[in-house]
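Understanding the architecture of this molecule
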Amino acid sequence: MIHSLFLINASGDIFLEKHWKSVVSRSVCDYFFEAQERATEPENVPPVIPTPHHYLISVLRHRIYFVAVIQSEVPPLFVIEFLHRVVDTFQDYFGVCTEAAIKDNVVVVYELLEEMLDNGFPLATESNILKELIKPPTILRTMVNTITGSTNVGEQLPTGQLSVVPWRRTGVKYTNNEAYFDVVEEIDAIIDKSGSTITAEIQGVIDACVKLTGMPDLTLSFMNPRLLDDVSFHPCVRFKRWEAERILSFIPPDGNFRLLSYHVSSQNLVAIPVYVKHNITFREGSSQGRFDLTLGPKQTMGKAVESVLVSSQLPRGVLNANLNPSQGTYTFDPVTKLLTWDVGKINPQKLPSLKGTMNLQAGASKPDENPTINIQFKIQQMAISGLKVNRLDMYGEKYKPFKGIKYMTKAGKFQVRT
Amino acid sequence: MTTMQRLLQLPVNAVNMVKTVQSQVQGQEEDKSPVLSPDNGQQTWYSALQPDELRHLRSGGTGGGGGGGGDQEERGFQEDGGGGGSGGGSFQSQPLRHDDLKEMLDSNKDSLKLEAMKRIVAMIARGKNASDLFPAVVKNVACKNIEVKKLVYVYLVRYAEEQQDLALLSISTFQRGLKDPNQLIRASALRVLSSIRVTIIVPIMMLAIKEAASDMSPYVRKTAAHAIPKLYSLDPEQKDQLIEVIEKLLADKTTLVAGSVVMAFEEVCPERIDLIHKNYRKLCNLLIDVEEWGQVVIINMLTRYARTQFLNPNINESLLEEGGGGEKTFYGSDEDEDEDDEEKEKEKKVEAAAMAKRKPYVMDPDHRLLLRNTKPLLQSRNAAVVMAVAQLYFHLAPKAEVGVIAKALVRLLRSHSEVQYVVLQNVATMTIKRRGMFEPYLKSFYIRSTDPTQIKILKLEVLTNLANETNISTILREFQTYIKSMDKDFVAATIQAIGRCATNIGEVRDTCLNGLVQLLSNRDELVVAESVVVIKKLLQMQPEKHSDIIKHMAKLTDNIQVPMARASILWLIGEYCEHVPKIAPDVLRKMAKSFTNEEDIVKLQILNLAAKLYLTNSKQTKLLTQYVLNLAKYDQNYDIRDRARFIRQLIVPTEKSGALSKYAKKLFLALKPAPVLESPFKDRDHFQLGSLSHLLNAKAGGYQELPDWPETAPDPSVRNVEVPEWTKCSSREKRKEKKVEKPFYSDSEGESGPTESADSESDSASGSESGSGSEGSGTGSESEESEEASVSEEEDEEEEKKTKKRESKKPVQESESEQSSEEEDRKRERKSKQRKSESESESDEEEDSESDSSQSESEDSESEAEIKKKKKAAESKPPSKPVKKDTKKEKKEMSLLDLDDFEPTPSPQVTPVNNLLSNSLVTDLEGLSLSDAVLSPATIAPSSALKSYELLHRITGEGLSVEYCFSRQPFSPDANMVAVQMHFTNNSTSDTKNLHMEDVKLQSGMRVKDFPEIELLPAGEKATAVMGIDFCDSTQAANFQLCTHTRKFFVSIQPPVGELMRPVFLTENEFKKEQGQLMGMNEIAEKLTLDAKCRNEHAIVQRVTTAANLSRVPCGSDKECSPLVPPPEHPVYRFAGRTVTSGSLVLVTVASREEGAAQLMVNCEKMLIGTMLVKDILLALTQ
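What counts, and where the lines are drawn
Residues numbered from 1 in each chain as written. Chains lettered and ligands numbered in written order. Predicted model: local features only at pLDDT ≥ 70, side-chain atom pairs only at ≥ 80, totals over all residues. Heavy atoms only, no water. UniProt positions renumbered as here; feature names shortened; annotations may be inferred. Pairing = 2+ DSSP bridges. Helix = DSSP H or I, 4+ residues; strand = E, 2+ residues; numbered from the N terminus. Axes fitted to C-alpha atoms, helices over the stretch in contact; angles between N-to-C directions. Salt bridge = Lys/Arg side-chain N within 4 Å of Asp/Glu carboxyl O. Buried < 20%, exposed > 50% of the residue type's maximum accessible area, 1.4 Å probe, protein only.

Looking at an unreviewed UniProt entry, one finds chain A named AP-3 complex subunit mu-2 and attributed to Poecilia formosa. Note on chain A: under the UniProt heading Sequence similarities (unreviewed entry), the record states "Belongs to the adaptor complexes medium subunit family."

Structure (structure tokens):
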């Protein structure tokens, strides 16, 4: 299936290659570079590029292109999904997935790639199994390794691959047994000029960090499971149980994992926690434009809206902006025309605003496009959909774990059209 | 034989040959290196070879593949002789460094080797050539250090192809690895061996794969499946042999293997669809537990399979549509009219076929099975799996059911942009055929300014496809905002989309046109130009209505500079000059003025316009035309010169002009059909969705066409798994195994049976597989031909058959069980045993008497039960020993009778005993026999000797106290349940009524069979009842409420691990064989010191059997143990059982040593159970 993998950095250098079958010359990447040149933006390189003898399927993450070379028919999503899984694994192992991190850990990277694919077909992609096979590098271990000459490769054999619970390591031991669950919801919305909502959806995930000894069997139930319109599970979740009782029952992997992601149907009315008053105008014949933006909280159930960040791509004609924020700082990049305003927390008593003028190129006509405003924010201790975890129970082990649940609401793709 | 030998020897010879060369290289290296090799013996051997010989060997041995190696040696010689003159270019760059690495690799220190290997791997990763290090690296293939070994493997796999001969050196290491007792080592050896692309080892690989394919470890079998495509790509001539292996592995029942073998199938022999038949149902059932990548491959393959085997589920619908044909014409203006026509054609054919049979469509149960079992996978976190299921539904499901995939696909739109890209492409194709499916999700396709352009354009495509009369206004409003976007490519695409909406939906054509006309005054030229082009296409549909727009556009010629747009306007004016008779000549006049400055395409259109005007309005334009033609005559572009000459000849009548000029009008003013604006995704669905070929809209290499539905379904009985003798006997095990594999999802699947009536088609299928295998094929085909109603009927029949069978057994049981107090049962057992033992051989009698004596020794009759079992085992041994097949046959007969309720009994002699046991339980259940009268102390004694546990204390129970014990008898209603005997005592002064259980809370997979309600328990009385619990081989508690007429008590039953198994009979040899298969992690050993009271055989056996429900394995010494032979000094006691739910073997060995020291060993597939059991037995033996 997957023949070879090339990692290409932003400046177009191939800095790592790995072949699972016969070697494919790196000149095959020339086709990719051609496509890259044709695309105006880095993310516009088509994910699938046919060449005379091969097909290149690539993903772009952390400004690195992961280019897989395949030779024959294979579902493209299969490859794409796998490449993303590779990136996730690198991130998991090295904390970040940058060119430097990959170059520093090239041996671990190679060992990982070797285990993840066999003859181009995925073999072990579960993080728990991989960590059993190849220990992630830590500063301490690197030091110890250099002194003692010991290795990153696990001494044990990968029993996980044989077990019926392939996602969980065996023989896990902790002194503090803890299980944390983060319910994070993101609001995707498009708000039109007049402030009415065109489309709004809530996408949520439950991320877990489970550090429990032995083979715990957990159940998690919700107060209002009907809210969840569409869900996708980590493979550990017993699907039948969910179908029948709307209870999440699972033997968790060890460590961090995403238990489920869900979608709250757009039929439910979505509360929009912020509103934006905007007045962005350009006058015909004048080389100045007005910029006036005010943010305010709305339907937040008394919770503070934090980490607000506003960004907007201003029209090409704008030379610079002369603005005055009532709080926070703003920057305007005259090259990319990107305006960002780091607002911070919204104080309902004194609404943050950003006012001032924009200077246009002299003599240029009024731009007819309107910038859209992208907003990011966070609200702690609240799931905007109203989803609530009812209880978490553990079976199969005797001790009492510490359980914690955290709620958070974030802006996903939150856009205001002007 | 001889060929085989040759095959085998060939590589060995090669190895030897190369070894000498190789060792020579090494020798030289060692000569060079200041450090002398410790291996002196070998070195002298090297030097004994003459250089000439060596050269000969080299040229012969490494001629072809080993170019690199040759180079290597060359350099060695040169350095030796001339003192390092001119090596190859690549070596010169870093000769020092590589020497350095070689030295490190030759050292004894693992850390140095590791460091060297790390550097080499880093070189490989950067794409640098490290092939010259091959000999030095390969030497380390047998290194002890795991990481070095792994890195050597990495190197080997990378370069073996280039240095085939040297690579052979490593083969023996792997061959050794293939025989390793550890499955993981076997697997990794096979993995590397098969990854080395060296043609010469093909026979070795073939052998290794064949062997691994029948390995007992599923992981090794999985690796074998992975190795198949590797070998195939190396040597396609092995195909036939490989297909055999694939066929074998396809029959594998483990989830681990399924994905990999189907992948191998797809790569090697995707055309051999017939191999799937027998495994189809199994694959469907296993699917949910296969790892995610395997799921994708299996689903894609099954899609193709289903297309060849089942009928189109939408036949009915198309028939209905046919009936309401009048409606269809109403939608005739839709874009897919032609297509519909084609479809109709097809449908008619199908209809004819269907009519001929006069049979409405009934979905094949197997088809349904596939749809049902894939549906949950829409919830997968893996986008590829979701897409695979989506395409399966799109291609296979009845129209009404396809809708379920929309939600999941829309969910994927939240994922990475590459995923979005692929999903949107597929959604675009789907929306053409099944628009309604995605309509509710229209808003999910709205475009954000932050989307990458390629995503925006795809979303636009989907929105356009989704547009219809009802939603067009919202879509157009949305489009309006897009037009203001900064991304001009996107704006252009939006304008085209508007054009398409306008052509498809008549109602909005005018609005769209007006909107587009407004865009003509846009400041951006590109926007205007695109609008002009689109307007031109729209106007072609109804030109007569829109002369004002044409006029408006004519005015634009002054401003628009984009050539394409100017050309479009000119074409329009020329084409419809009769609608704008006054303006057209004027436009020509202007154009004539600017002719020389125009672009080529504009010039061509000016010529066109002139020609058309000349033909329609020659009075006004004759001169202008002449002028333009003259200008064109001297143009630089020969196309334009040619065109001018051509037109002049055609339209200007001269005496020379031929017959053609008469037709000039027809040529120029012919009615041109309106262009059809259609989606580029139209008709893409003949490619399997989700495939690379679909994405590229071109057939990719290795793409398997998605076949059309067959007109008549092929024989469905091919999927019935015939149950030959040996599989038949394992069919029950198979079912159990399935349960082992899927402890997670199978809660209701495995045992759902008759309860899930909606889903019961598959049950009938599986029923025919296991239950009524003998008539399986018959019923299968029956269900095909009969109508829908009869499917359920047939199921009922099946059910009936089963129940009949059960019933047919029951009378016997009941008649026997009428007086069945346990005591009596026991007596009868003993009697029957005696009867038997009389007929049996002397040795048996001896053993009998021996155990009898032990029986008398033991006070508690609990161990008696154990011994009884043991005896049972012992009895059955003699017949089974001489001819093993006999027992198997007997087993088979057993299962033919479908004695599901009983554990498989080893020999027919014992069956009566079993019957009696279960009879007692049947009656227990019916609450008949255990009335107070029967509860004589004698009966209670044995069960009270079983350890009882308190379920409800009499104080908390307000007078009602309940104790329970594990009766260790098979629970007849369900063999997978553990029987729990409950003793109720009413200590209060009032009667307790309606004693029953409620609100059972269980872990998933666990099941409970309630005890029959006790209607009345008078004050001071006792009662007993039996319930069954399937603990799913876990020690998790079953919680439930015990209810009386007044109160409810929360109680829970937690089984000790020893109760989760039932004894099985094994001979010592069988035991040892089984034990050999459960090594490694499955084996837990513990040393212990036996309790002082527990050093004799009897005590040990008793304590172990008390702790766990196991039966003793008669040891070899027992058999010939005449009283004269003293027992061995350090006897070994073996016990065997199977877990109740999954039937995994549990083997316990207690080996005694001097002075009470002993070793306890438990072998069990279920490691959890094993660990817990060790603890329990340890406790029992040391206390």
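Picking up where we left off.
Residue and element names in this part refer to chain A. Taken in spatial order, the three strands of this open sheet run S12-S10-S22, and their pairing is antiparallel. What marks the edges here is a single partner per strand, and that holds for strand S12 (247–250) and strand S22 (389–395). Shown here is a sheet whose adjacent strand axes are inclined to one another by a mean of 15°, direction ignored. As judged from the four bridges shared by strand S10 (residues 217–222) and S12, these two strands associate in the antiparallel manner. The partner of Leu-220 across the bridge, within S12, is Leu-248.

Quick look at the pattern of salt bridges now. Counted by the stated rule, this structure contains 52 salt bridges over all chains. Among the ionic pairs, Arg-85 of chain A bridges to Glu-81 of chain A, the shortest N-O distance being 3.6 Å. With Arg-85 of chain A and Glu-81 of chain A both in helix H2 (residues 76–94) and four residues apart, the pair spans about one turn of that helix. Each member of the salt-bridge network shares a partner with another, and the members are Glu-81, Arg-85 and Glu-126 of chain A together with Glu-292 and Arg-381 of chain B.

Now for the pairing of strand S14 (residues 1145–1152) of chain B. Residues and elements named next belong to chain B. Counting buried positions along S14 yields eight of eight residues, so the element is predominantly enclosed. Residues Leu-1145, Leu-1147, Thr-1149 and Ala-1151 line one face of S14 and the alternating positions Val-1146, Val-1148, Val-1150 and Ser-1152 line the opposite face, and both faces are buried. As judged from the seven bridges shared by strand S13 (residues 1132–1139) and S14, these two strands associate in the antiparallel manner. Paired with Phe-1135 across the bridge in S14 is Val-1148. Taking the residues between adjacent antiparallel strands as the criterion, S13 and S14 are bridged by five residues, where Gly-1143 takes a positive phi near 70°. In the sheet, S14 pairs with strand S15 (residues 1157–1164) via seven bridges, with the strands oriented antiparallel. Each bridged residue has a counterpart across the sheet, and for Thr-1149 the counterpart in S15 is Met-1161.

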